[in-house]
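Overview (structure and organization)
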There are 2 protein chains.
Amino acid sequence: MIKAFKKSSKSINYIESLRGKRATFMLALANSKTANIKGISQAGIDGLLHLTPTLDCEFLATGSIFSIDEIAKTDSGIPSPALITRAIHELNPFNLEFLDLGIEKKPKIEYFDIFDFKLKPSDRIDENAKIDSRSIFEKAINFANDYELKSDYLIVAETIPSGTTTAEASAKALGYDTKGLYASSFSKAPKDIKRKTIDRALLNISNDLDVFDRLSSVSDNMLIFYAGFIIGLSKKCRVILAGGTQLATVLLIINSILKEDKFTFSPENLALITTKWIYEDKHSDIEALLELLDFEVFGYYSDFDFSKSRFDILKKYDSGEAKEGVGAGGALGYASLNGISNESILESIENILERF
Amino acid sequence: MIKAFKKSSKSINYIESLRGKRATFMLALANSKTANIKGISQAGIDGLLHLTPTLDCEFLATGSIFSIDEIAKTDSGIPSPALITRAIHELNPFNLEFLDLGIEKKPKIEYFDIFDFKLKPSDRIDENAKIDSRSIFEKAINFANDYELKSDYLIVAETIPSGTTTAEASAKALGYDTKGLYASSFSKAPKDIKRKTIDRALLNISNDLDVFDRLSSVSDNMLIFYAGFIIGLSKKCRVILAGGTQLATVLLIINSILKEDKFTFSPENLALITTKWIYEDKHSDIEALLELLDFEVFGYYSDFDFSKSRFDILKKYDSGEAKEGVGAGGALGYASLNGISNESILESIENILERF
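Residues numbered from 1 in each chain as written. Chains lettered and ligands numbered in written order. Predicted model: local features only at pLDDT ≥ 70, side-chain atom pairs only at ≥ 80, totals over all residues. Heavy atoms only, no water.

Considering the relation of the copies chain A and chain B
The two chain copies are connected by a rotation around an axis plus a translation along it. Just so we agree on the cut-off: Here the copies are matched by least squares. The fit uses the C-alpha atoms of residues with pLDDT of at least 70 in both.
Under the fitted operation, chain A is carried onto chain B by 1.8 Å of movement along the axis and a turn of 120 degrees, and the coordinates agree to an RMSD of 0.1 Å. One copy is carried onto the other by what is essentially a three-fold rotation axis.

Section: the interface of chain A and chain B
One frequently used descriptor of interface size is the decrease in accessible area upon assembly of the parts. Selection criterion: Here a residue-residue contact requires only that any non-hydrogen atoms of the pair lie within 4.5 Å. Accessible surface is computed with a 1.4 Å probe, and the buried area is the amount of it that two parts give up when combined, taken over both parts together. The term salt bridge refers to a side-chain nitrogen of Lys or Arg lying within 4 Å of a carboxyl oxygen of Asp or Glu. For this analysis, a polar contact is any N or O atom pair within 3.5 Å, provided that within protein one partner can donate a hydrogen and the other can accept it, and provided that sequence-adjacent residues contribute only side-chain to side-chain pairs. Elements are defined by DSSP. Helices are runs of H or I of four residues or more, strands are runs of E of two residues or more, and each kind is numbered from the N terminus. In the scheme used here, Gly and all other residues not listed as nonpolar or charged are polar, with Ala, Val, Leu, Ile, Met, Phe, Trp, Tyr, Cys and Pro taken as nonpolar and Asp, Glu, Lys and Arg as charged.
Opposite the 17 residues of chain A that make contact, chain B presents 17 residues. Buried area between chain A and chain B, both sides added, is near 1,300 Å², and the carbon and sulfur share of it is 55%. Applying the counting rule to chain A against chain B returns one salt bridge. Ionic pairing is found between B:E16 and A:R86, a salt bridge with its closest N-O pair at 2.9 Å. Taken together, chain A and chain B are joined by four residue pairs in polar contact (both at pLDDT 80 or more). Those elements that provide at least two residues to the side of chain A that touches chain B are α2 (52–62) and α3 (82–91) of chain A. Top element by residues in the side of chain A that touches chain B is α3(A). It accounts for four residues. Across the side of chain A that touches chain B, the residue classes tally to eight nonpolar, four polar and five charged.

Considering the pairing of strand β8 (residues 298–302) of chain A
All names here are of chain A. To keep things clear, this is the line we draw: Only protein chains enter the accessibility calculation, which uses a 1.4 Å probe; a residue whose area is less than 20% of its type maximum is buried, one above 50% is exposed, and one in between is partly exposed. Here the rule is simple: two strands pair whenever DSSP picks up at least two bridges between them.
Where burial is concerned, most of β8 is hidden: five out of the five residues are buried. By the alternation rule, side chains of β8 split into F298, Y300 and S302 and G299 and Y301, which are all buried. The pairing of strand β7 (residues 270–274) with β8 spans four bridges and is parallel. Across the sheet, residue T274 finds its bridge partner in β8, namely Y301.

With respect to the layout of surface pockets
This is how it is decided: Definitions used for this entry: grid spacing 1 Å over protein atoms alone; cavity, a set of points where a 1.4 Å probe fits but cannot get out; pocket, an open set with protein on both sides within 12 Å along at least 5 of 7 lines; lining residue, one with an atom within 4 Å of a point. Grid points are joined across faces, edges and corners, and a volume is the space filled by probe spheres set on the points.
In this structure, the largest pocket occupies an estimated 960 Å³ of space. Lining of the largest pocket is provided by 31 residues; of these, A:E90, A:R355, B:M1, B:I2 and B:R19 occupy positions nearest its centre. Taken together, the elements giving at least two residues each to the lining of the largest pocket come down to α3 and α14 (342–355) of chain A together with β1 (2–4), α1 (9–16) and α14 (342–355) of chain B. The element that contributes the greatest number of residues to the lining of the largest pocket is α14(A), accounting for five residues. Of the residues assigned to the lining of the largest pocket, the class counts are 10 nonpolar, 11 polar and 10 charged. Looking at the second largest pocket, it is lined by 21 residues, and the ones nearest its centre are A:N95, A:K150, B:S17, B:K21 and B:D152. In terms of residue class, the lining of the second largest pocket is built from seven nonpolar, five polar and nine charged.

Thoughts on the sheet that holds strand β8 (residues 298–302) of chain B
Residues and elements named next belong to chain B. Keep this limit in mind: Think of each axis as a best-fit line through the C-alpha atoms, taken over the contacting stretch in the case of a helix, with angles from 0 to 180 degrees between the N-to-C directions.
If you walk across this open sheet you meet the eight strands as β1-β8-β7-β6-β5-β2-β3-β4, and the pairing is mixed. Looking at strand neighbours, the two that pair on one side only are β1 and β4 (113–116), the edges of this open sheet. Strand after strand, the sheet turns through a mean of 25 degrees between neighbouring axes, direction not considered.

A closer look at the sheet that holds strand β2 (residues 23–29) of chain A
The strands that make up a sheet pair up through hydrogen bonds in the backbone, lying either parallel or antiparallel. Residue and element names in this part refer to chain A. Read from one edge to the other, the open sheet built from eight strands follows the order β1-β8-β7-β6-β5-β2-β3-β4, with strand pairing classed as mixed. Looking along the sheet, the strands with just one partner apiece sit at the ends: β1 (2–4) and β4 (113–116). Across this sheet, the average inter-strand angle for adjacent strands is 25 degrees, counted without regard to direction. Inspection of the sheet shows β1 paired to β8 by three bridges, in the antiparallel sense. Looking at β8, one finds that I2 is bridged to S302. Here helix α8 (residues 221–234) sits on the sheet in contact with β2, β3 (95–100), β5 (153–159), β6 (239–242) and β7, set at roughly 175 degrees to β5.

Concerning the packing of aromatic side chains
Remark: the centre distance and the inter-plane angle together describe each pair of aromatic rings, the angle taken between the planes. All names here are of chain B. The line we're drawing: Aromatic pairing here means that ring centres of Phe, Tyr or Trp (its six-membered ring) are within 6.5 Å. Orientation follows from the plane angle: under 30 degrees is stacked, over 60 is edge-to-face, and everything else is tilted.
Evaluated as defined, the whole model comprises 53 aromatic pairs over all chains. Between Y14 and Y300 the ring centres are 6.3 Å apart and the planes differ by 20 degrees, which places this aromatic pair in the stacked class. Of this pair, Y14 sits in helix α1 while Y300 sits in strand β8, and the two are 286 residues apart along the sequence. Among the residues examined, Y14 registers a relative accessible area of 0% and is labelled buried. Seen in terms of ring centroids, F25 and F94 are 4.9 Å apart; in terms of plane orientation they differ by 40 degrees. Their pairing is tilted. With a gap of 69 residues between them, F25 in strand β2 (residues 23–29) and F94 in the loop between α3 (82–91) and β3 (95–100) connect regions that are remote in the sequence.

Printed below as a string of structure tokens:
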């Protein structure tokens, strides 16, 4: 089932009006060299963390991975949330689209729609990410203007290792008070390494910098691209941000851009859907992040969890060792909105696990 | 589930990129008087074999038959594979289109798209089929050029009694070494009658004949039409050949035509999907047939079978008494690609059987 952060006639209406509608699921792939900082993220295979977007993409698209031998998982062996999104794609398929926003290794997917924006992975934020954020933002606005939606609405999701770090740094660089609001893919978030990285990144931020200059220094390609894309697309169609604190940060970035520049923007077309694991996470506060916005965006979460799973490895999601990514929460919400029960989803996930 | 004959990143990608996409299911109806040769085919009701395409069409389109009182079945009572395709159409509907390529009796279907090419059933191949194959081929190329696909991709299928005989004769007439590669709708294929018919047909073939002259003598309207149609359509959209040895023969014919004439042809848009019964058939070898081609076309099969059925009559499929036809394999693959489980398919098939 899908639940509203705040129950109101409008928030319930928004989500119910998507029931039975077809979605395009768009996955943004990106790398930030921030992920090379030892111990900063557990979203991937040790030493091959940079391959996570590549493998997530292959796995979501095909149910197989081609670029290495095993599915992206954390050191403790938890499979990527791509597993959840793929299981739903097998039950009630999406129209899949991929964005290459600068990755180390191209995924081996022929025949799929992959939009390549000719970007390089961004640099470490503690050494200045040196992103040409204005150019990326402009590419995104143009892409939104040209974009033809092939379904009833769009779900946008991301896969970028160390993305919670670049997200938190971005929000802080823009002046938001985000203390205690940000999640990590770790259950015991490596606070020291993350905090040090973010603190070092923020040393490059001074009061005279505008929004784009700040983002160039401490953000990542996905956050900046989606900010432009969602501003541009909001007037054309309904867009679901499928994710947790990272996609909430996209909204914070939009919020800051709108204070400096004029754009037509229709926030009433937007919503965020995340997992129960993020919604109930004690280390972060997704609701509070949305409340920092000057416009309203409804938040929702799926009540799906692994309490009834036969696999201990999946129950680690319930203990907070993995929480969100590859749009898992949005995909779970999509399944609910199309009549798929939590039992069917669990069965589909476990069937896939057994194939491996 | 749908499985690739040969697992490769490209073959998995090809089929996975169709997940959730909508298909037009095109069924070619044709008669060859070859079916009048006593004992040559069991795909239909004894004495009324020529009505099989008419009844298959009515049944697929409407779930009922109008031109006689019972569904087309073999002498031993096995229902036509139209039952399988219909069951899937009821679960996850196709856009249906029909081609009238020369049939004895028009199906009673109003309101459906039926393209009529004003062709007559072809003659017995042992007495020279006397098909104007160039004209049919040209009509098919023109039809492909004008054709507007109303879905994401096209599935092409056939229903033509004695079609495995005309297919095998066509491949042999074109010089392919097809020993042991061809299926029949019989479990114990009536080899003697078929072999004699094919041998007699081949007496009309001499070395000085070009591809079209050979086909005119020993082929059938469906094979020739689909060869032209698929050549023409391959550059425009993805086309799934839903069938076994007959649709593989369409590819062999294309292969031979391309050696004599120049056409724009995009084999990378094509694939063949068949049933498990054809894939595992010991009397034929669908994989080997595809390997005779000078271009690559991926092959797949559905792992669906009737081992869990309550109906003995259906289990005869598993013992090889019926194997493929009316695009059953492609329809089963389509179901899998749209999240329909084998259990649901079986239930739908059995529900239809119980209605009769």
